[in-house]
Amino acid sequence: MPSFDVVSELDMHEVNNAVDQANREIGTRYDFKGVNASFEASDSDITMAAEGDFQLQQMRDILINKLVKRNIDPKALDFNAPAKSGMQVKQQVGLKQGLDQPTAKKIVKLIKDKKMKVQAAIQGDQVRVTGKKRDDLQQAIAMLREADIDLPLQYNNFRD
């Protein structure tokens, strides 16, 4: 029986490359001359540090631009409020990975409300969609692409 999985994953290697490129751009930009500003990437978030809120806003634009060039959807970013510490302003940017329960339930509900000839089941941090025909699965993918979901979705493990 044909099936596919709906997941939300980030390629952390590409995220690290984008952060490295953003750090390099900050080093070469004229408006950041003599300013102590940097990006730091960890497993689940990115930390931006600068001397002012305006510079943080500029850094945010640079980061989003570099991530988009590396095919990472900006929906996967969760910007927290900036926090001042001494002479610096820091901002944490969370990276959303995996489907949480409410989002998975929303996907299953969307599929069931459309009365498509497919079944959806939550399996951990992914949703498995099965159907009798390949065309029905492709319709489900098209419908999910148009849906308003806060996470970037990938469709993998497509089997006939």
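See the structure above.
In this text, all values refer to a predicted model and were calculated from it rather than measured experimentally.

**Q** How would you summarise the packing of aromatic side chains if you had to cite specific residues and measurements?
**A** Counted by the stated rule, this structure contains two aromatic pairs. Taking 6.1 Å as the distance between ring centres and 75° as the angle between the ring planes, the aromatic pair formed by Phe 4 and Tyr 155 counts as edge-to-face. Of this pair, Phe 4 sits in strand S1 (residues 3-7) while Tyr 155 sits in strand S9 (residues 154-159), placing them 151 residues apart in sequence. Phe 4 gets classed as buried once you look at its relative accessible area, which sits at 0%. Relative to Phe 158, the ring of Phe 4 lies with its centre 6.1 Å away and its plane at 10°, an arrangement referred to as stacked. Here the residue Phe 4 occupies a position in strand S1, and Phe 158 occupies one in strand S9, the gap between them amounting to 154 residues. Ring-pair connections join several aromatic residues into one group, and the members of that group are Phe 4, Tyr 155 and Phe 158. Positioned over the ring face of Phe 79 is Arg 60, at 3.9 Å from the centre of the ring.

**Q** An account of the packing of helix H1 (residues 12-28) against helix H2 (residues 53-69) is requested, with residue identities and associated values reported.
**A** Each pair of packed helices can be described by the angle between their axes along with the distance between the axes. For the pair H1 and H2, the least separation of the axes is 9 Å and the interaxial angle reads 135°. With respect to each other, H1 and H2 are oriented oblique. The element H1 and its partner H2 pack so that their crossing is right-handed. Residues Val 15, Ala 18, Val 19, Gln 21, Ala 22, Glu 25 and Ile 26 of H1 form the contact with H2, whose participating residues are Met 59, Ile 62, Leu 63, Lys 66 and Leu 67. Taken together, the residues of the contact of H1 with H2 break down into nine nonpolar, one polar and two charged.

**Q** I'd like a description of the sheet that holds strand S7 (residues 118-123), backed by residues and values.
**A** Taken in spatial order, the four strands line up as S7-S8-S1-S9 in an open sheet, and their pairing is antiparallel. Since the sheet does not close on itself, it has two edges, and those belong to S7 and S9, each with one partner. In this sheet, neighbouring strand axes are inclined to one another by 20° on average, regardless of whether the strands run parallel or antiparallel. Across four bridges, the pairing between S1 and S9 is antiparallel. Of the residues in S9, the one forming a bridge with Ser 3 is Arg 159.

**Q** Pulling in residues and values, what's your account of the pattern of salt bridges?
**A** Using the criterion set out here, one finds six salt bridges in the structure. If you follow the salt bridges from partner to partner, you end up with Glu 25, Arg 29, Asp 31 and Lys 66 in one network.

**Q** Go over helix H3 (residues 101-113), please, and point to the residues and values.
**A** With 13 residues, H3 extends 18 Å from end C-alpha to end C-alpha; this agrees with the ideal 18 Å at 1.5 Å per step. Immediately downstream of H3, the backbone of Lys 115 shows phi near 55°, a positive value.

**Q** I'd love a proper account of the environment of Leu 151, names of residues and values included.
**A** Its place among the elements puts Leu 151 in the loop between helix H4 (134-146) and S9. Sequence separation of Leu 151 and Asp 31 is 120 residues, and the distance between their C-alpha atoms is 33 Å. When residues no more than four places from it in sequence are discounted, the contact partners of Leu 151 are Ser 8, Lys 75, Lys 96, Gly 98, Leu 99 and Thr 103.

**Q** Please give an account of the environment of Leu 110 that cites residues and values.
**A** Looking at where Leu 110 falls in the secondary structure, it is placed in helix H3. A residue is classified by how much of its surface remains accessible, and Leu 110, at 24% relative accessible area, is partly exposed. The spacing of Leu 110 and Asp 135 is 25 residues in sequence and 18 Å in space, taken between C-alpha atoms. Excluding its chain neighbours within four sequence positions, the residues that come into contact with Leu 110 are Met 143, Ala 147 and Ile 149.

Scoring rules and cut-offs
Residues numbered from 1 in each chain as written. Predicted model: local features only at pLDDT ≥ 70, side-chain atom pairs only at ≥ 80, totals over all residues. Heavy atoms only, no water. Phe/Tyr/Trp six-rings, centres within 6.5 Å; stacked < 30°, edge-to-face > 60°. Helix = DSSP H or I, 4+ residues; strand = E, 2+ residues; numbered from the N terminus. Buried < 20%, exposed > 50% of the residue type's maximum accessible area, 1.4 Å probe, protein only. Lys NZ or Arg CZ within 6 Å of the ring centre and 35° of its normal. Axes fitted to C-alpha atoms, helices over the stretch in contact; angles between N-to-C directions. Parallel < 35°, antiparallel > 145°, perpendicular 65-115°, else oblique. Left-handed = near helix turned anticlockwise from the far one by under 90°. Contact = heavy atoms within 4.5 Å. Nonpolar A, V, L, I, M, F, W, Y, C, P; charged D, E, K, R; others polar. Pairing = 2+ DSSP bridges. Salt bridge = Lys/Arg side-chain N within 4 Å of Asp/Glu carboxyl O. Expected span 1.5 Å × (residues − 1).

Purely geometric numbers; function is a separate question.
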